[in-house]
Amino acid sequence: MRIFQAGPLAAALSILSGLASASVFQNQTYDYIVVGGGPAGIISAEKFAQAGKKVLLLERGVGPTVATGANETLPWNNSLTPIDLPGLSADIGALDLWEQYMCTDTEGNAACVLGGGVTVNYMVFVHPPARDFDDKWPKGWKWNDVKPASERLYKRNPGTLLPSADGKRYDQVLYNVLSKFLGGLGWKSVDMSAQPDEKYEVYSYPAWNLKNQMRAGPVRTYLPEAEKLKNFQLALQTKVIRLVRSGGHVTGVEVQTASGDSEIISVAPHGRVVLAAGALSTPRVLWNSGIGHAAQIETARRNGIVVPPKKQWIDLPVGVGLKDHPIFPIAFSANASFGLVNYDGVLNGSAIRDISLYNKHSGVLTQGKHRMIFFTSEEIDGHTQYFQGSCAPTDEGVVTITSYLTHGLTSSGILGLDASGNTVIEKSPYLQTSSDKKAAHMFVSKMVREITNPSTGFELVTNTNVSAILNALSPGNHYTTTAKLGNDDGRKGGSSVVDLNTKVYGTDNLFVVDGSIHPDLPTGNIQTTIMVVAEAAAARILAC
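Residues numbered from 1 in each chain as written. Predicted model: local features only at pLDDT ≥ 70, side-chain atom pairs only at ≥ 80, totals over all residues. Heavy atoms only, no water.

Looking at the overall build of the chain
Broken down by element type, the chain carries 16 helices and 20 strands. Viewed in the frame of its principal axes, the chain has a C-alpha envelope of about 70 × 60 × 40 Å. The 544 residues of the chain split such that 61% are buried. Residue pairs at least 24 apart in sequence account for 70% of intrachain contacts in the chain once pairs closer than 6 positions are excluded. Split by element, the accessible area of the chain, about 20200 Å² in all, is 49% carbon and sulfur. Mean positive and mean negative side-chain charge positions of the chain (47 and 48 charges, respectively) differ by 5 Å. (Helix = DSSP H or I, 4+ residues; strand = E, 2+ residues; numbered from the N terminus. Buried < 20%, exposed > 50% of the residue type's maximum accessible area, 1.4 Å probe, protein only. Contact = heavy atoms within 4.5 Å. Areas by Shrake-Rupley, 256 points an atom, 1.4 Å probe, with all protein chains shown as cover. Lys, Arg positive; Asp, Glu negative; His and termini not counted. Charge placed at Lys NZ, Arg CZ, Asp CG, Glu CD.)

Below you can see the structure in the form of structure tokens.
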């Protein structure tokens, strides 16, 4: 077990004026109650507070940074937690913090910590191409509609391809090997942030969600601005159980505090509730509130949830259409000398050279896990299927390409609720269609053929043939589309749960802003798209 010694700043900063305790809720009402302190929740809450509204942001987890109350810091820098350090991102699943920060009531991986998935991911920051929105998003949500929101995001949270303050890139042997390999196949080098629409046979240095040589995201780029405002409150370790409503109007939010006590927080007479709990947890809050298909609401009732009277249930396709990127790991020996960061040495302070460079805001610890990101596409059954490859060292001389099926995949699944109140995957979203199966086989076969060409000197390891790689499919943990946005009202036979202003059909003051509303998967890692959509959604909510 790894133990991180708390620094002296932790105690001083563990209680902040912006962090509300559950007792503060009594006898108060709020203009906006935002449920979920992930990227969508933080961004939207900050926008509402900046507009002068009285805002309460509820997060069931704890804060991951010293400024938000964390006290498990690095022994050589008591202002940093292991989560903050980009160079530790590849080892994040081995940290004790991982267990503390992950949700225990979802079948798929979801983060229950302030910052959500952006707190625990590998920080790959893919600026979405225009086609991601121009394809299946409805009118009003095309790229030209959301582009101003993306510009607001990038101004505050731009990401970077070159994080080290000395302007150098470190540990580049792997990039050099792969760029020579792909270049030999006719692929070209691009800047994945400056050229987001280039997604055919291209590769790039990774774009990471970093700022000032630390993990960025809304915890660092939006939350501090909200905390300056007297009309903003953040409550940690406060889990939302259900929404209290009268017909289509939400009047309160039932929460469970860290002590296990329940309390109902009141919404102001003309106030609003905004769900941002993520694509795996927002559906549970809706079901527990009598919104969704009857079978799931009945399950919630049997679990002891106080659901509304049956005549007030709102029949919507919540949980239907679950999407995710399927991942196929392709690992091979690259016949070159490169390795891993000395994670244990960084954690215990013995990796003197790397730590010394980082203390000068430079070196390999300013970088994330990956050394290259590539994109390509293929025409499959009359449509374009996109792929991403995230390339990182995984052993001495061994590279793993984490390859995704991304935008264009046609499979979807169904999310449900079990007898313990957990969200479960009732139907897998992976390779459910012949088109997706064909795309996966075509891409993996092509990569294996090129990698194992005798001229490369590469050799597959772990999964050493196409079938083994395809059978090693794992979730991308980029879940979307469980409370879909669209014009087709789900109460009337349509597929949508929220309208174009992200308001839940059949309600007058309930909105959703997280990945559950996305009608489709983006071309690549989802965090940037989540934030762009939250920026756009908050503006629409304030305007309606």
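Continuing now.
Notes on unusual backbone geometry
Within the chain, His361 stands out as a residue other than glycine whose phi angle is a positive 65 degrees. Within the element layout of this structure, His361 appears in the loop between helix 13 (352-358) and strand 13 (372-380). Residue class for His361 comes out partly exposed when judged on its relative accessible area of 44%. At Thr481, a position not held by glycine, the phi torsion is positive, near 70 degrees. Considering the arrangement of structural elements, one finds Thr481 in the loop between strand 19 (474-475) and strand 20 (510-512). Residue class for Thr481 comes out buried when judged on its relative accessible area of 3%.

Considerations on the confidence of the model for the chain
When pLDDT is averaged across the chain, the result is 94; 96% of the residues are at 70 or more. This stretch, residues 1-18, has a pLDDT under 50; its non-local contacts, to residues over four places away or in other chains, come to 36 contacts. (pLDDT = per-residue confidence, 0-100.)

Observations concerning helix 16 (residues 527-543)
With 17 residues, helix 16 extends 25 Å between its outermost C-alpha atoms, agreeing within 8% with the 24 Å of an ideal straight helix rising 1.5 Å per residue. A large share of helix 16 lies buried, amounting to 13 of its 17 residues. (Expected span 1.5 Å × (residues − 1).)

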